[in-house]
Amino acid sequence: YMVHRLQDSMGMDVSAGRNAMRKFLQRVKAMLGLFDLTEFEARLLAELKLRLPDAWRDILDSQLVEFNQTDRLIGESRGEVPPFGHTSFYKNVWGKSSRNFAKRFPTEKDSDVLATLDVVDGDGSTISVEFVLVSGILFSIKYRSPTKRFVPNGDYAIKNFKLLI
């Protein structure tokens, strides 16, 4: 609040100050190993965990604890809507990406789809979701939709879960 009042009194653009502060805090959180999931991402991961075989739930929990950064593309980027959206997960150690995970999902492929499901929005539109592995590590949640909307607008249902490996 004080920063915003100072910026406002100095004639500075308050929204630019908020964006700069948000970016700074995101960098601090990444350095400290903290990241936030959106409510939608958390629900998708909870659904995945619920449907995994018991032995794999521990793998998912272990990996989620180690992630400390996310990258999201769930809307417009540079004035264009991409063909799909994603939430990608990373483990950074001193600013460098690390693939050193104690537990991995059992797959022989470098890249594989762990599971899929459909999110049916209240208006009937569908978002197809894929949980993507890279070298047995959950790498991203991919979103595809004919409407190019990758997050539901309101109430939604999760349907058609399929475990693929």
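Residues numbered from 1 in each chain as written. Predicted model: local features only at pLDDT ≥ 70, side-chain atom pairs only at ≥ 80, totals over all residues. Heavy atoms only, no water.

A closer look at the overall build of the protein chain
Okay, so step 1: Tallying secondary structure elements over the protein chain gives four helices and eight strands in all.
Okay, so step 2: If you list the helices and strands of the protein chain from N to C, you get α-α-α-α-β-β-β-β-β-β-β-β.
Okay, so step 3: Within the protein chain, residue pairs in contact and separated by at least 24 positions form 63% of the contacts whose partners lie at least 6 positions apart.
Okay, so step 4: Surface exposure of the protein chain reaches about 10,300 Å², of which carbon and sulfur atoms provide 53%. (Helix = DSSP H or I, 4+ residues; strand = E, 2+ residues; numbered from the N terminus. Contact = heavy atoms within 4.5 Å. Areas by Shrake-Rupley, 256 points an atom, 1.4 Å probe, with all protein chains shown as cover.)

As for the confidence of the model for the protein chain
Okay, so step 1: Taken as a whole, the protein chain shows an average pLDDT of 83; of its residues, 77% reach a score of 70 or greater.
Okay, so step 2: Scored below 50 in pLDDT, residues 1–7 makes five contacts in the model with residues more than four places away or belonging to other chains. (pLDDT = per-residue confidence, 0-100.)

Some thoughts on the packing of helix α3 (residues 39–51) against helix α4 (residues 54–66)
Okay, so step 1: Packing of α3 against α4 leaves a shortest axis separation of 8 Å and a crossing angle of 150°. Our classification of the angle between α3 and α4 gives roughly antiparallel. Here Leu 45, Leu 48, Lys 49 and Leu 50 of α3 lie close against α4, whose contacting residues are Arg 57, Leu 60, Asp 61 and Leu 64.
Okay, so step 2: Class assignment of the residues belonging to the contact of α3 with α4 gives a composition of five nonpolar, no polar and three charged. (Axes fitted to C-alpha atoms, helices over the stretch in contact; angles between N-to-C directions. Parallel < 35°, antiparallel > 145°, perpendicular 65-115°, else oblique. Nonpolar A, V, L, I, M, F, W, Y, C, P; charged D, E, K, R; others polar.)

Considerations on the pattern of salt bridges
A side chain of one charge can pair with a side chain of the opposite charge when the charged atoms of the two come close.
Okay, so step 1: Within this structure, the stated rule accounts for eight salt bridges.
Okay, so step 2: Between Glu 41 and Arg 72 there is a salt bridge, with the nearest N and O atoms lying 2.6 Å from each other. Here Glu 41, found in helix α3, pairs with Arg 72, found in strand β1 (residues 69–73); they are 31 residues apart in sequence, far enough to count as distant.
Okay, so step 3: For Lys 91, the salt bridge goes to Glu 66, with nearest N and O atoms at 2.5 Å. With Lys 91 in the loop between β2 (85–90) and β3 (92–93) and Glu 66 in helix α4, this residue pair connects regions lying 25 residues apart in the sequence.
Okay, so step 4: For Lys 91, a relative accessible area of 13% translates into the label buried. (Salt bridge = Lys/Arg side-chain N within 4 Å of Asp/Glu carboxyl O. Buried < 20%, exposed > 50% of the residue type's maximum accessible area, 1.4 Å probe, protein only.)

Examining the sheet that holds strand β5 (residues 111–121)
Okay, so step 1: Strand order in the open sheet formed by six strands is β1-β2-β7-β6-β5-β8, and the pairing between neighbours is antiparallel. Of all the strands in the sheet, the pair left with one neighbour each is β1 and β8 (156–163). Along the sheet, successive strands turn relative to each other by an average axial angle of 20°, direction set aside.
Okay, so step 2: Sheet contacts for α3: β1, β2, β5, β6 (126–134), β7 (137–144) and β8; angle to β8, the most-contacted strand, approximately 40°. (Pairing = 2+ DSSP bridges.)

Focus on the packing of aromatic side chains
Okay, so step 1: Throughout the structure, instances matching the rule amount to six aromatic pairs.
Okay, so step 2: Note on Tyr 90 and Phe 139: the rings are 5.7 Å apart at their centroids and 90° apart in plane angle, and the pair reads as edge-to-face. Of this pair, Tyr 90 sits in strand β2 while Phe 139 is found in strand β7, placing the two residues 49 residues apart along the sequence.
Okay, so step 3: Overall, Phe 139 belongs to the partly exposed group, its relative accessible area being 24%. (Phe/Tyr/Trp six-rings, centres within 6.5 Å; stacked < 30°, edge-to-face > 60°.)

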